[in-house]
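Topology and contacts: notes
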Amino acid sequence: MKSFGLLLNGVAIDSYELNNENGMQLTVINFGATITSLKIPTKNGKIVDVVLGFDNLEAYVKSFDLESAPYLGATVGRFAGRINNGAFCLNGKTINLNNNNANHSLHGGKIGFSQKIWKVKDVNNGKNPTITLSYFSPDGEENYPGDLSVELTYTLSEENELIIEYKATTTQDTIINLTHHSYFNLDGHDATVLEQELTIDSYEILEANDQNIPTGRLLNLENKAFDFRQAKKCPKTIDTSFVLNESETENASLFSPKNNLKMSVYTNQPAVHIYVGGNCFNTIKGKENANYHSLSGICFETQNFPDAPNHQHFPTSVMKKYDKYFHKTIYKFQSF
């Protein structure tokens, strides 16, 4: 454990490092349960830091004031993605959330889980090292109902997997949709993703309006530009939710021909939201003085459908009182 900067609201922000026996290294801070670094050893002897991040706490805090907050490496909640007009109906009652994206609520509202200080419950080193963090979200936070208790575990397996597991309980019926928001770049955090190859095991996306709110329709991808069932280079512009096929194989992948490095994504969630970005608008420098731009990284936000509470035919995001929420996502790295 190392200090990661000044106190925030009187609480120390610390950095924690996990290493597996292959030389893979994960660094996490308790601000936003954020991944700041993920270093992967390759067969050619290189060590590649495959996620965007900042060198200090001040940069993370200031990044939420940018014209479009990048959420670099953060844990997103209570609800990932947009909720139309920041409102939904639950048990016959209209809930009005805090809006932070035009007239909509995005990624949990004005101060979501990405800006909260999480408690570090446990750190286990050795084989398959883990760190477990927790956050208690009180009833009414951002106007969400119910006390929500969240536990998040990051594991580095000896198979070079980053395993993320979320568990949650609530004291009232509520909605929940947690995700992880790292921007991956297999050529290194200071490169562009345009030459990397993307695959997604999906033949449908959510149609969205000009404010990226789902209309409720699913669009077939057959012979369309966003059909990534066969590998294609990363697009310059994408901010799209893909409906995942139920499959035992990988749900999505990214491959770097430059480093012969592959990342496979596996999840128990019904969708993955793909977003190319990371732009810090020449206002905040990334780690190692990197200049992050609109093509710096690609997010694989495994999650439920955005705006799910407002579409009865979408997978339910309602979590009943004393139900148990469980979300598991694996990012597996292979060097060739």
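Structure: above.
Residues numbered from 1 in each chain as written. Predicted model: local features only at pLDDT ≥ 70, side-chain atom pairs only at ≥ 80, totals over all residues. Heavy atoms only, no water.

Thoughts on the overall build of the chain
The helix and strand tally for the chain stands at 1 helix and 28 strands. Taken against the 2.2 N^0.38 rule, which gives 20 Å for 336 residues, the C-alpha radius of gyration of the chain at 19 Å falls within 12% of a compact globule. When the backbone C-alpha atoms are referred to their principal axes, the chain occupies close to 60 × 55 × 40 Å. Buried residues in the chain amount to 58% of all 336 residues. For the chain, the exposed area adds up to about 14200 Å²; of that, 46% sits on carbon and sulfur atoms. For the chain, the distance from the average site of its 29 positive side-chain charges to the average site of its 37 negative ones is 1 Å. (Helix = DSSP H or I, 4+ residues; strand = E, 2+ residues; numbered from the N terminus. Rg over C-alpha atoms; globule rule 2.2 N^0.38 Å. Buried < 20%, exposed > 50% of the residue type's maximum accessible area, 1.4 Å probe, protein only. Areas by Shrake-Rupley, 256 points an atom, 1.4 Å probe, with all protein chains shown as cover. Lys, Arg positive; Asp, Glu negative; His and termini not counted. Charge placed at Lys NZ, Arg CZ, Asp CG, Glu CD.)

Some details on the packing of aromatic side chains
On inspection of all chains with the given rule, the structure shows 15 aromatic pairs. Seen from the ring of Phe228, Lys232 lies directly overhead, with NZ or CZ sitting 5.5 Å from the centre. (Phe/Tyr/Trp six-rings, centres within 6.5 Å; stacked < 30°, edge-to-face > 60°. Lys NZ or Arg CZ within 6 Å of the ring centre and 35° of its normal.)

A look at the sheet that holds strand S1 (residues 2-3)
Pairing within the open sheet is antiparallel, and its 5 strands lie in the order S1-S2-S3-S4-S5. The sheet is open, and its two edges are formed by S1 and strand S5 (47-49), each paired on a single side. Two elements, strand S4 (residues 34-41) and S5, share 3 bridges in a ladder whose sense is antiparallel. Looking at the pairing, Pro41 lines up with Ile47 of S5. (Pairing = 2+ DSSP bridges.)

Focus: the layout of surface pockets
Rolled over the atoms, a probe with the dimensions of a water molecule shows which regions are left empty. For the largest pocket, the calculated volume is near 780 Å³. Residue lining of the largest pocket: 43 residues in total, with Ser68, Ala69, Tyr71, Arg82 and Leu106 positioned closest to the centre. Only strand S19 (204-208), strand S20 (214-220), strand S22 (239-243), strand S25 (271-277) and strand S26 (297-303) provide two or more residues apiece to the lining of the largest pocket. Residues of the lining of the largest pocket, tallied by class, amount to 19 nonpolar, 17 polar and 7 charged. By volume, the second largest pocket amounts to about 410 Å³. If you trace the second largest pocket, you find 22 residues lining it, with Thr27, Ser37, Lys39, Asp49 and Lys287 closest to the centre. Only S1, strand S2 (14-19), strand S3 (25-29), S4 and S5 provide two or more residues apiece to the lining of the second largest pocket. In terms of residue class, the lining of the second largest pocket is made up of 6 nonpolar, 8 polar and 8 charged. (1 Å grid on protein atoms, 1.4 Å probe; cavity = no way out; pocket = protein on both sides within 12 Å on 5 of 7 lines; lining within 4 Å. Points joined across faces, edges and corners; volume = space filled by probe spheres on them. Nonpolar A, V, L, I, M, F, W, Y, C, P; charged D, E, K, R; others polar.)

Regarding the pattern of salt bridges
Counted according to the given criterion, the structure contains 10 salt bridges. Between Arg217 and Glu207 there is a salt bridge, with the nearest N and O atoms lying 2.9 Å from each other. Here Glu207 lies in strand S19 and Arg217 lies in strand S20, a separation of 10 residues in the sequence. Shared partners join several salt bridges into a network, and the residues in it are Glu222, Asp227 and Arg229. (Salt bridge = Lys/Arg side-chain N within 4 Å of Asp/Glu carboxyl O.)

Focus: unusual backbone geometry
Note on backbone geometry: most residues besides glycine have negative phi, and most peptide bonds are trans. Of note, the amide linkage connecting Gly77 to Arg78 takes the cis form, showing an omega dihedral of 5°. Mapped onto the fold, Arg78 is located in the loop between strand S6 (74-76) and strand S7 (82-83). Positive phi, close to 55°, is recorded for Phe281, a residue that is not glycine. Along the chain, Phe281 turns up in the loop between S25 and S26.

Structural notes on empty space enclosed by the protein
Here the structure, examined in full by the defined rule, presents 1 cavity of 30 Å³ or more. Of the volumes computed, that of the largest cavity is approximately 40 Å³. Together, Gly77, Arg78, Gly108, Ile111, Gly112, Phe113, Ser137, Glu141, Glu142 and Tyr144 line the largest cavity. Along the lines of polarity and charge, the residues of the lining of the largest cavity split into 3 nonpolar, 4 polar and 3 charged.

Overview of the nonpolar core
Among the nonpolar cores identified, the biggest contains 55 residues, and Leu38, Val50, Tyr154, Leu162, Phe184, Phe300 and Phe333 are the most heavily contacted of them. Here the element with the most residues in this core is strand S13 (residues 148-156); it accounts for 5 residues. Phe54, Tyr60, Phe64 and Leu72 belong to the second-largest nonpolar core, a separate cluster that totals 23 residues. (Core = buried A, V, L, I, M, F, W, Y, C linked by side-chain atoms within 4.5 Å.)

Structural notes on the side chain of Glu207
A distance of 2.6 Å separates polar atoms of two side chains, one belonging to Glu207 and the other to Thr215. Only 2.9 Å separates the side chain of Glu207 from the side chain of Arg217, close enough to count as a polar contact. (Polar contact = N/O pair within 3.5 Å; in protein donor to acceptor, adjacent residues only side chain to side chain.)

Quick notes on the sheet that holds strand S23 (residues 252-256)
Here 9 strands make up an open sheet; going across it, the order is S11-S12-S13-S14-S28-S24-S23-S18-S21 and the pairing antiparallel. Unpaired on one side and paired on the other, strand S11 (119-124) and strand S21 (232-233) mark the two borders of the sheet. By the bridge criterion, 9 bridges tie strand S14 (residues 161-170) to strand S28 (residues 324-335) in an arrangement that is antiparallel. Its bridge partner lying in S28, Thr169 is registered against Lys324.

Everything listed here is a matter of geometry and, on its own, says nothing about what the molecule does.
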